[in-house]
Structures are given as C-alpha cells and as structure tokens.
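Read off the chains here:
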Amino acid sequence: MKLKININKSIFYLSVIFSLTIILQGMPMLENINKIMMIGIIGLLFFKVITSKQKIKNSIVLILTCMVYILALIFTEESVNMNTYFYFILWILYFIFLNDNYNKMMDYANNNVKFIKVILYIWSALVLISFFIKKSYIRGFFSPFGCGEHRFGSSCLMITALNYILVLKTAKRRYFIFAILPIIGIAMGGARTYLAVYVVMLMCLFYLNCKKKWMFYIMLIPVVFLLIYFILNSPIGNKFEDTYSNGYNGFWATFTSGRSNFWKYDLQAFFKLPILQQFVGNGFDFVYSVNLKYINMKIFAHNDFINLLMNFGYIGMFLYEYVFFRFCKKNIGNISRVQKYSFYFIWFFNAFFNMVYTYPMATLALPYILHSLKHNYNDNLIKGVKIYDKK
C-alpha cells in the first residue's frame, strides 16, 4: 500500500504546530525542535515548488536566490548561528508556494477547526504553566520557558489569527476567551514592536465586527484609554518608561530604542562595498561583524531591509519584496482600505523596527493574519462555505 502525503496539508499542519514548538524551544532537550521543524517545512516547500509546473518568473527567482546564497556563503568568513542560513530561503519558498496555494491553505484552516481548537488549548495550557516557572522571566519580562519575547510575540499573532478563524467557523463568540492570554502575554513581555502590531490587529478585527461603524468610533475612546492604562501598568509599560527617561542621544534613536544608531554604521559599511558587490551583499556574517565593531554587540540589523542589503545586496532585497508583493497582489482581494492597510502595517512596522523574515513564526503567520483580517463575524465563512472561487 502506497503512503500518500498531501504536501499542502502537511505544510498547513506544520505551520500551525510551529506556534507550539516556538515556545517549547526554551525547555531542556527541546532547544533544536524549531530547527527540525523549519528544515522540515523548507523541505516540503522546496519539493512542492520544484515539482510544480514552473513559471518562468519563479524559475528566475529561484536561480537568483541560489546565486546570492552561494555568493553569501563564499563571502562569509566567520561562523554564524545555523538558523541564519535558512531564514531567507524560507521566506522565498513560502511566498512562491503561497502565491498559487494560499486559497487551499486557508481552506484547510477553515475545515480543520477541531485541530485548531486542540492547538489553542495546548498553547493556552503551556502559557499558563509557564507563568509559574522562573525561567519564563528574563530581565523581568515574560516569555514562556525563556523562548524569547519576540518569538513569543510572533506566536501570539498566529494564535490570535487561528482563534478568530475558530470563532468565524463555529459562530461561537465564547471562543474569544482564547484571546485573553495573548493579550496578557504581549503586555508582560518586552517586545514593543509586537505590542504595536498586535494592537492594530485587534483594532482592525474590532472595527470589522462593528455592524455600525459609528459604534466603533464611540467605543474607541474608552477602549484606547483602558488599553493605555493597562499597558502603562504592565512590564512593557516599564520598558517604555525606561527607554524614554534614559534616552538614546536624540529623538529617532530613542524612538527606535537605539536601533538607528547602528543602522547608520550598517548602511555606511554597506555603501563602502564596491558597487557591483552591493548588488549581492557581503555574506551572512557581515552585519554581525559591523555591529560588533561599532557597538560591541554581535546582532543582526533589527530591520529586514538593511539586513537583506548586508547579506544579499540589492538583488536579495528585490527578491524579498517581489515574492511578498506578488502574493499580496494576487491574494488580498477586494477588501477595504482599513483591512488592507492594517495587514501592510503589521508586516512593515515589524519588518522595519524588529524583523520578520528572521523569525520563522512571524513569516509563517502572515497568511493566517491576512485571512483573519479579510472576514467579519457575519461572513459566509461561519456557514461552512468555502469562501474562495476555484479557478
């Protein structure tokens, strides 16, 4: 008997399960669980993309990606974290795959609510347990089992998107209870970028589900005041206070928590490269070595666009934007400006002030976030009808 594997469905299952493994990697003996998951997802994506009927544009993207990867490996002089080698290829393959398979992926989400419910229960149980574990608090900020504030933030976005899909499909608003822990978790963490994009996501969903829009604007004022009060009286509020009381030598440096200081050094180093090399970058270790030299910290750029320039040059940044915006153009559909701009804000704000493509969960969550922002409670999604026209 032949074992048939549905590649699309396998990618769906793994991308959703990743929301669990991302918070488990801080536990003993599970440090490499996400490496295994990421390599598995990349393997499935690569197989799907390669075995599908190739469009000329996809072939060109894959050839250029291979070229900048090989050159980046050649230019790399010092060892870097193994994950660094996989982030960009995941982004490219995922959005090539989604360009033609987004509808199928979201149909899997719509029709697997029992699986989604199980994921939500397990995630909530893990987060609740982690509240009482000392390792979950780093410098006073919460991240389950010490997985990291930004990894946890990206997981919260995914869980909220899945939670909303569950509410839509079951027509049971009581399942909004699953949104409580992500809200508390974001506030107790120190990832201010994720706080901003999370608030925008919640506000957009709130807006979509107000039948009369004037009610949204009336309720917005007390909601904003409650939100500000809640944030200011949480650990992340203390982080805001510390940042703006201590300062970082100027408004922009303070606003970006010091990131703009090393962005300057990163860009200066990049533009000192020979003009031809600027098209392909200077290797995986370039950004780390520059930041280590000037700010004594071996960190990436905390900005997708600068990091891509440093690693893969103009060609790499073009490929990143091309596959993403091509996916958006084909799959966003006829939605309101509020929905569209909310999605673009969630991607861009995070990409500019923190990074998206170097956080696999943030990358994997984007289509699910888009899916949740495209629908309100009264959509035919809750009737079990597939919402996409088959072509």
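Preceding block: the structure.
Bear in mind the structure is a predicted one, so any value in this text is a computation, not a measurement. (Residues numbered from 1 in each chain as written. Predicted model: local features only at pLDDT ≥ 70, side-chain atom pairs only at ≥ 80, totals over all residues. Heavy atoms only, no water.)

Time to look at the overall build of the chain. Counting secondary structure elements, the chain contains 16 helices and 2 strands. Counting only residues that meet the buried cut, the chain has 54% of its 391 residues in that class. Of the contacts formed within the chain by residues at least 6 apart in sequence, a portion of 74% connects residues at least 24 apart. Working note: accessible area of the chain is about 18600 Å², and carbon and sulfur atoms make up 66% of it. (Helix = DSSP H or I, 4+ residues; strand = E, 2+ residues; numbered from the N terminus. Buried < 20%, exposed > 50% of the residue type's maximum accessible area, 1.4 Å probe, protein only. Contact = heavy atoms within 4.5 Å. Areas by Shrake-Rupley, 256 points an atom, 1.4 Å probe, with all protein chains shown as cover.)

Look at helix 15 (residues 337-353) against helix 16 (residues 360-373): their axes get within 10 Å of each other, and the N-to-C directions meet at 155°. It follows that helix 15 is roughly antiparallel to helix 16 by the angle criterion. Considering only the axes of helix 15 and helix 16, their crossing is right-handed. Contacts from Gln339, Ser342, Phe343, Ile346 and Trp347 in helix 15 reach Leu366, Ile369, Leu370 and Leu373 in helix 16. In the contact of helix 15 with helix 16, the residues fall into 7 nonpolar, 2 polar and no charged. (Axes fitted to C-alpha atoms, helices over the stretch in contact; angles between N-to-C directions. Parallel < 35°, antiparallel > 145°, perpendicular 65-115°, else oblique. Left-handed = near helix turned anticlockwise from the far one by under 90°. Nonpolar A, V, L, I, M, F, W, Y, C, P; charged D, E, K, R; others polar.)

What follows covers the packing of helix 8 (residues 192-208) against helix 15. Helix 15 packs onto helix 8 with a crossing angle of 175° between their chain directions and a minimal axis gap of 9 Å. Classified by the interaxial angle, the pair formed by helix 8 and helix 15 is roughly antiparallel. Listed contacts from helix 15 to Thr193, Tyr194, Ala196, Val197, Val200, Met201, Cys204, Tyr207 and Leu208 of helix 8 are Val338, Gln339, Ser342, Phe345, Ile346, Phe349, Asn350 and Phe353. Grouping the constituent residues of the contact of helix 8 with helix 15 by class yields 13 nonpolar, 4 polar and no charged.

What follows deals with a nonpolar patch on the surface. Residues Trp214, Met215, Ile218 and Met219 make up a contiguous nonpolar surface patch of about 410 Å² in total accessible area. Structurally, Ile218 can be placed in helix 9 (residues 213-232). (Patch = residues over 30% accessible without salt bridge, like charges linked within 9 Å, V, L, I, M, F, W, Y side chains within 5 Å. Salt bridge = Lys/Arg side-chain N within 4 Å of Asp/Glu carboxyl O.)

In this structure the tally under the stated criterion is 3 salt bridges. Of the charged contacts, one joins Asp100 and Lys330 as a salt bridge, the two residues approaching to 2.8 Å between their closest N and O atoms. With Asp100 in helix 4 (residues 87-110) and Lys330 in helix 14 (residues 304-331), this residue pair connects regions lying 230 residues apart in the sequence. Assessed through its relative accessible area of 44%, Lys330 is described here as partly exposed. The partner of Glu149 in a salt bridge is Arg139, and the shortest N-O contact between them spans 3.4 Å.

If you walk through the whole model with that rule in mind, you get 51 aromatic pairs. A ring pair is formed by Tyr13 and Phe115, whose centres lie 4.7 Å apart and whose planes are at 85°; its orientation type is edge-to-face. You can see Tyr13 sitting in helix 1 (residues 7-24) and its partner Phe115 sitting in helix 5 (residues 113-130), a full 102 residues away along the chain. Their ring planes at 85° and their centres at 5.4 Å tell us that Phe325 and Trp347 sit as a pair that is edge-to-face. One end of the pair, Phe325, is in helix 14; the other, Trp347, is in helix 15, with 22 residues separating them in the sequence. Classification of Trp347 by relative accessible area gives buried; the value is 4%. Here the basic side chain of Arg174 rests over the ring of Tyr175, its NZ or CZ set 5.2 Å away from the ring centre. (Phe/Tyr/Trp six-rings, centres within 6.5 Å; stacked < 30°, edge-to-face > 60°. Lys NZ or Arg CZ within 6 Å of the ring centre and 35° of its normal.)

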